[in-house]
Amino acid sequence: MRLHCIFIACFVLFALCSLANSEAAQGPDKCCFSFSNVRIPVKQVAAYHITHLECRGRGIIFVTNVGKEICTDLNEKWVQRLKNMVDARNLKETETSTEKSV
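Residues numbered from 1 in each chain as written. Predicted model: local features only at pLDDT ≥ 70, side-chain atom pairs only at ≥ 80, totals over all residues. Heavy atoms only, no water.

Peer 1: A description of the confidence of the model for the chain should follow, citing residues and the corresponding values.
Peer 2: Residue-level pLDDT values for the chain average 81, and 72% of them are 70 or greater. Every residue in residues 20-24 scores below 50 in pLDDT, and together they form zero contacts with partners more than four places removed in sequence or on other chains. (pLDDT = per-residue confidence, 0-100. Contact = heavy atoms within 4.5 Å.)

Right, here's the structure in full:
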């Protein structure tokens, strides 16, 4: 019986360690450690994504049409305007493609 209890205790310990490692692996994919001040024309932006909450410097990473990623400060007004313009363009493109498929 005692060997059985030791086995169960080891199994539970292994399961807890595996869970802790999997949670740590789900951290941020990309973080910004410095921000660009160069304003990016909206026609050059293909997409963007906001950095993870666990990143020290919260920012927006703009992806250009040629695949270059540019970190920008989330709190800058020009960054917010650019984000809104990209959102509006994507919404318009989505609505246009939906109308064509109907």
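Peer 1: Account for the environment of T51, with residues named and values stated.
Peer 2: Within the secondary structure, T51 sits in the loop between β1 (45-50) and β2 (59-64). For T51, a relative accessible area of 4% corresponds to the buried category. Residues T51 and L74 lie 23 residues apart in sequence; the distance between their C-alpha atoms is 9.2 Å. Other than its neighbours up to four places away in sequence, T51 contacts K30, C31, C32, G57, R58, G59 and I61. A polar contact is formed between the side chain of T51 and the backbone nitrogen of G59, at a distance of 2.9 Å. (Helix = DSSP H or I, 4+ residues; strand = E, 2+ residues; numbered from the N terminus. Buried < 20%, exposed > 50% of the residue type's maximum accessible area, 1.4 Å probe, protein only. Polar contact = N/O pair within 3.5 Å; in protein donor to acceptor, adjacent residues only side chain to side chain.)

Peer 1: A description of the state of the cysteines should follow, citing residues and the corresponding values.
Peer 2: Considering all chains together, one arrives at two disulfides under this definition. Here C32 is linked by a disulfide to C71, with a sulfur-sulfur distance of 2.3 Å. Looking along the S-S bond of the C32-C71 disulfide, the torsion reads about -85°, which is the left-handed sense. With C32 in the loop between α1 (2-24) and β1 and C71 in strand β3 (residues 69-73), the pair connects residues that are 39 residues apart, well separated along the chain. For the residue pair C32 and C71, the accessibility class agrees, reading buried in each case. Of note for the chain: the bonded cysteines, numbered N- to C-terminal, pair according to 1-3, 2-4. (Disulfide = S-S within 2.5 Å.)

Peer 1: If you had to explain the packing of aromatic side chains to someone new, which residues and values would you point to?
Peer 2: According to the stated counting rule, one finds one aromatic pair in the structure shown. Between Y48 and F62, the ring centres sit 6.0 Å apart and the planes meet at 55°, which makes this aromatic pair tilted. Here Y48, found in strand β1, pairs with F62, found in strand β2; they are 14 residues apart in sequence, far enough to count as distant. (Phe/Tyr/Trp six-rings, centres within 6.5 Å; stacked < 30°, edge-to-face > 60°.)

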